[in-house]
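# Observations on the three-dimensional arrangement
Chain residues, written in single-letter form:
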Amino acid sequence: MPGRCRSASRLRRVPWDPLTPEQAELRDLVRTLARERVAPRAAEIDASHEFPWDLVELFREQGVFGLLFDEEWGGTGTGTLLALVAIEEVAKVCATTSLLLAGQELASLGLKLAGTQEQKRRYLPRFASGELLGAYALTEAGSGSDSAAMRMTARREGGEYVLDGGKRFITNAGVAGLYTVFAKTDPDAGHDGISAFLVEADAPGFAVARLEPKMGIAGSTTGELVFDGCRVPAENLLGAEGEGFRLAMRILDRSRPGIAAQALGIAQGATDYALEYAKHRETMGKPIGQHQLIAAKLADMETKCEAARGLLYRFGLMVDAGAPDEELTKASAMAKLYCSDVAMEVTTEAVQILGGYGYIKEYPVERMMRDAKITQIYEGTNEIQRLVIAREMLREQRAFLLAAVT
Ligand SMILES: Cc1cc2nc3c(=O)[nH]c(=O)nc-3n(C[C@H](O)[C@H](O)[C@H](O)COP(=O)(O)OP(=O)(O)OC[C@H]3O[C@@H](n4cnc5c(N)ncnc54)[C@H](O)[C@@H]3O)c2cc1C
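Quick look at the structure, then. Treat the numbers as computed from the prediction; the structure is a model and nothing was measured. (Residues numbered from 1 in each chain as written. Predicted model: local features only at pLDDT ≥ 70, side-chain atom pairs only at ≥ 80, totals over all residues. Heavy atoms only, no water.)

### Comments concerning the packing of helix α7 (residues 244-280) against helix α9 (residues 325-353)
Packing of α7 against α9 leaves a shortest axis separation of 7 Å and a crossing angle of 25°. With respect to α9, the element α7 is oriented roughly parallel. Relative to α9, the crossing made by α7 is left-handed. Tallied by class, residues from the contact of α7 with α9 come to 20 nonpolar, five polar and six charged. (Axes fitted to C-alpha atoms, helices over the stretch in contact; angles between N-to-C directions. Helix = DSSP H or I, 4+ residues; strand = E, 2+ residues; numbered from the N terminus. Parallel < 35°, antiparallel > 145°, perpendicular 65-115°, else oblique. Left-handed = near helix turned anticlockwise from the far one by under 90°. Nonpolar A, V, L, I, M, F, W, Y, C, P; charged D, E, K, R; others polar.)

### Details of the pattern of salt bridges
Applying the stated criterion to the full structure yields 36 salt bridges. Note that R250 is salt-bridged to D325, the shortest N-O span being 2.6 Å. Of the two residues, R250 is situated in helix α7 and D325 in helix α9; the sequence distance between them amounts to 75 residues. According to the relative accessible area criterion, R250 is partly exposed, its value standing at 32%. Connected through salt bridges with shared partners, the residues R155, E157, E160, D164 and R231 form a single ionic network. (Salt bridge = Lys/Arg side-chain N within 4 Å of Asp/Glu carboxyl O. Buried < 20%, exposed > 50% of the residue type's maximum accessible area, 1.4 Å probe, protein only.)

### As for the pairing of strand β4 (residues 178-184)
Of all seven residues in β4, seven are buried, a share of seventy percent or more. Both faces of β4 are covered, namely the face carrying L178, T180, F182 and K184 and the face carrying Y179, V181 and A183. As judged from the four bridges shared by strand β1 (residues 134-137) and β4, these two strands associate in the parallel manner. Bridge pairing links A137 to V181 in β4. Relative to strand β5 (residues 194-200), β4 runs antiparallel, the two being bridged by seven bridges. Bridge pairing in β5 links K184 to I194. (Pairing = 2+ DSSP bridges.)

### As for helix α10 (residues 365-375)
Of all the 11 residues making up α10, eight are buried; the element is thus mostly covered by neighbouring parts of the structure. Buried within α10 are the following residues: V365, E366, R367, M368, R370, D371, A372 and T375. For α10, the elements touching its buried residues are α2 (21-48), α5 (95-114), α7, α9 and α11 (382-405). (Contact = heavy atoms within 4.5 Å.)

### Some thoughts on the site of the ligand
For the ligand, the set of nearby residues contains 20 residues, the closest of which are T139, S145, F169, T381 and E383. One of the backbone nitrogen or oxygen atoms of L138 is found 2.9 Å away from an oxygen atom of the ligand. The side chain of T171 places a nitrogen or oxygen atom 2.8 Å from a nitrogen atom of the ligand. When the ligand sits alone it has 980 Å² of accessible area, and the protein chains cover 65% of it. Among the elements of the structure, β1, β3 (160-171) and α11 are those that each provide at least two residues to the shell around the ligand. Its residues placed into classes, the shell around the ligand shows 11 nonpolar, six polar and three charged. (Near = heavy atom within 4 Å. Polar contact = N/O pair within 3.5 Å; in protein donor to acceptor, adjacent residues only side chain to side chain. Areas by Shrake-Rupley, 256 points an atom, 1.4 Å probe, with all protein chains shown as cover.)

### Points about the nonpolar core
V38, F59, L312 and I353 are the most contacted members of the largest nonpolar core, which has 75 residues in total. Secondary-structure elements contributing two or more residues to this core are α2, α3 (53-62), α4 (80-91), α5, α7, α8 (292-320), α9 and α10. With residues up to four places along the chain from it excluded, the contact list for I353 reads A274, Y277, A278, I288, I294, K297, L298 and M301. Of all hydrophobic cores here, the second largest spans 27 residues; its members include A128, L132, L247 and L252. (Core = buried A, V, L, I, M, F, W, Y, C linked by side-chain atoms within 4.5 Å.)

Set out below in structure tokens:
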């Protein structure tokens, strides 16, 4: 069977990896940075609740923010898959620091998708270098999942818009230089009355009212924004008036996989740590990894991570292949749903494998478990992801049936 031998040896020499050699080289650089420079800071960031400006500086120096942007804007132009892989690599060691990348992507997607050339020229190169950090402000105290129920308004006055209202739970509050903010320009028009605006941090009438203490991702700021007659130039309207809600959803379709990547990184980091621990911790005369109940946990954890990775990388490959928006919604929601559920399950099992040591702060798995929880909540809860997936399934079926009868 010479043919079989040839293909088997080819498979052995080229293990499955969807990254090109250039992308794999960049992935390895990020992995090394994460292990050598980010990992030693993770416990400290968690304990101090301080925003990691030193790691922002590291990412600026090393051009890591550039992985999220096209060459035209000063980025690497290396695509979505590699950007997701970079977030995953950083999240393996520190979820807060991985949010520097996922948050920057969320904050800049509005510009990438709907910005004018002038708006892009003004902000994207500064986002790509990391000089400017961004934020995405959709949620309000009374409207999270039901974002169209927002109360914030924007009215046109001559060459300006005047924004009034508040936003809640905004990542990068107080550290961002530019906020993408959604407000109602026509409060009676439902979804069609919402518009998006670029608000610079020093805009008159804008303030960060407070930062929230949290269960996890402790070094990331989450804050309340106040807009009290906040004035922005009319040219800071992002997209057309009334297009804001659709833009907010298009942004989330593309940003949610960043959270999936964060979740997968946390899950894989916890699995790797638990595996090492299980090799060395002995009970009843042998390493706990050789007790079948622990071995089964490890096997399930690794398998779930790999399955989650399949959904996540598929999304990256779809975007890089130019898949249209309508094909991304379901793939994005599935990646976010599955990766974050896996993160919660796997980190809980990692704590269990470490026994009492898993519960104390000297070991990283309790931090990973706390960090994992938010991935099931932000950028759309997992209940909402399930609704989105089911809606898309029904839409696909209707489209199929319509095509069959016409
Ligand atoms: C740390 C952190 C960072 C965040 N960062 C940002 C940010 O940068 N920008 C931003 O805009 N927002 C941000 N958020 C807000 C986040 O996206 C919302 O909290 C989230 O979407 C849920 O909204 P909510 O809190 O109002 O919950 P609710 O919408 O009140 O939901 C409460 C519960 O009901 C469920 N539920 C709601 N509606 C339905 C339904 N139709 N069917 C079934 N179940 C339903 C939800 O799944 C949830 O379990 C952040 C939140 C946190 C905690």
